[in-house]
Amino acid sequence: NLVINKLLEDSSGIVWIGTNQGLFYFDLKSETFLFKSINFNLPADANLNIYSLGQDVSGGVWVGLEGYLARINSDKNISYYADERVENIFQTFYQDAEGAVFIGSSKKGLLKFSFNETGKPMLERSFASKMTSEIEWIDAIEEIEPNKLLLGGLNGLFELDTKTLRIFRYTRSS
């Protein structure tokens, strides 16, 4: 059975559909419904479950899978960042007001990415060494002011100052 996990309408009117069996898309502007799959050309044993979708200000669509982070440009060319050493799931996407791309993951916490001239995702910074194991699993990211992110995960709600790396954990009495 095909299970839809994520939906994203990009700035060009394409609706991206992340499922348990890969990524599909259709064009809202066309008169017909075309349901096309994206061939990621990953190893045969790769998990194609889509965990996150997001669009950057350049129009690239970011796709979070288990062990892979893909960026698809407007020509449907795909570039990858692979994290095959661990079963890391790229769970959530956020781009801040300055254009920095943050990815929440299941094993390495918060990661900051950029992309090179070909569109390939490049790991710019891992915040894992500054974070406790309590926040290695990030499901939600939101910017509350410049350089301050709210991070939600399995163990609660945290605030991270991305410049000073100060972390504050919210509790029920905070």
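Anyway, here's the lowdown on the structure attached to this text. If you're wondering where the values come from, they're calculated on a predicted model, not measured in any experiment.

1. Describing the side chain of N88
Okay, so step 1: Here N88 is to be found in the loop between β8 (78-82) and β9 (90-95).
Okay, so step 2: Judged by relative accessible area, N88 falls into the buried class, the value being 0%.
Okay, so step 3: Within the structure, the side chain of N88 is placed 3.4 Å from the backbone nitrogen of S106, a separation counted as a polar contact.
Okay, so step 4: Sequence-distant contacts of N88, that is, excluding residues within four places in its chain, are made with L65, E66, G67, D83, S105, S106, K107, K108 and L111.

2. Comments concerning the sheet that holds strand β6 (residues 61-64)
Okay, so step 1: Spatially, β5-β6-β7-β8 is the arrangement adopted by the four strands of the open sheet, whose pairing is antiparallel. A strand with exactly one partner marks an edge of an open sheet, and here the two such strands are β5 (52-55) and β8. Averaged over all neighbouring strand pairs, the angle between strand axes comes to 20 degrees, with direction disregarded.
Okay, so step 2: Note that strand β7 (residues 68-72) and β8 share five bridges and pair antiparallel. When the bridges of β8 are listed, L69 appears paired with Y81.

3. Things to note about the sheet that holds strand β12 (residues 121-126)
Okay, so step 1: A sheet is described by the order of its strands in space; here four strands give the open sequence β9-β10-β11-β12, paired in antiparallel fashion. Each end of this open sheet is capped by a strand with a single partner; those strands are β9 and β12. Averaged over all pairs of adjacent strands, the angle between their axes in this sheet comes to 35 degrees, without regard to strand direction.

4. With respect to the environment of S114
Okay, so step 1: The topology assignment puts S114 in strand β11 (residues 110-115).
Okay, so step 2: On the accessibility criterion, S114 (27% relative accessible area) is partly exposed.
Okay, so step 3: As a C-alpha pair, S114 and F102 span 12 residues in sequence and 8.9 Å in three-dimensional space.
Okay, so step 4: Those residues in contact with S114, other than ones at most four positions away along the chain, are W62, K120, P121, M122 and E124.

Thresholds applied
- Residues numbered from 1 in each chain as written.
- Predicted model: local features only at pLDDT ≥ 70, side-chain atom pairs only at ≥ 80, totals over all residues.
- Heavy atoms only, no water.
- Helix = DSSP H or I, 4+ residues; strand = E, 2+ residues; numbered from the N terminus.
- Buried < 20%, exposed > 50% of the residue type's maximum accessible area, 1.4 Å probe, protein only.
- Polar contact = N/O pair within 3.5 Å; in protein donor to acceptor, adjacent residues only side chain to side chain.
- Contact = heavy atoms within 4.5 Å.
- Pairing = 2+ DSSP bridges.
- Axes fitted to C-alpha atoms, helices over the stretch in contact; angles between N-to-C directions.

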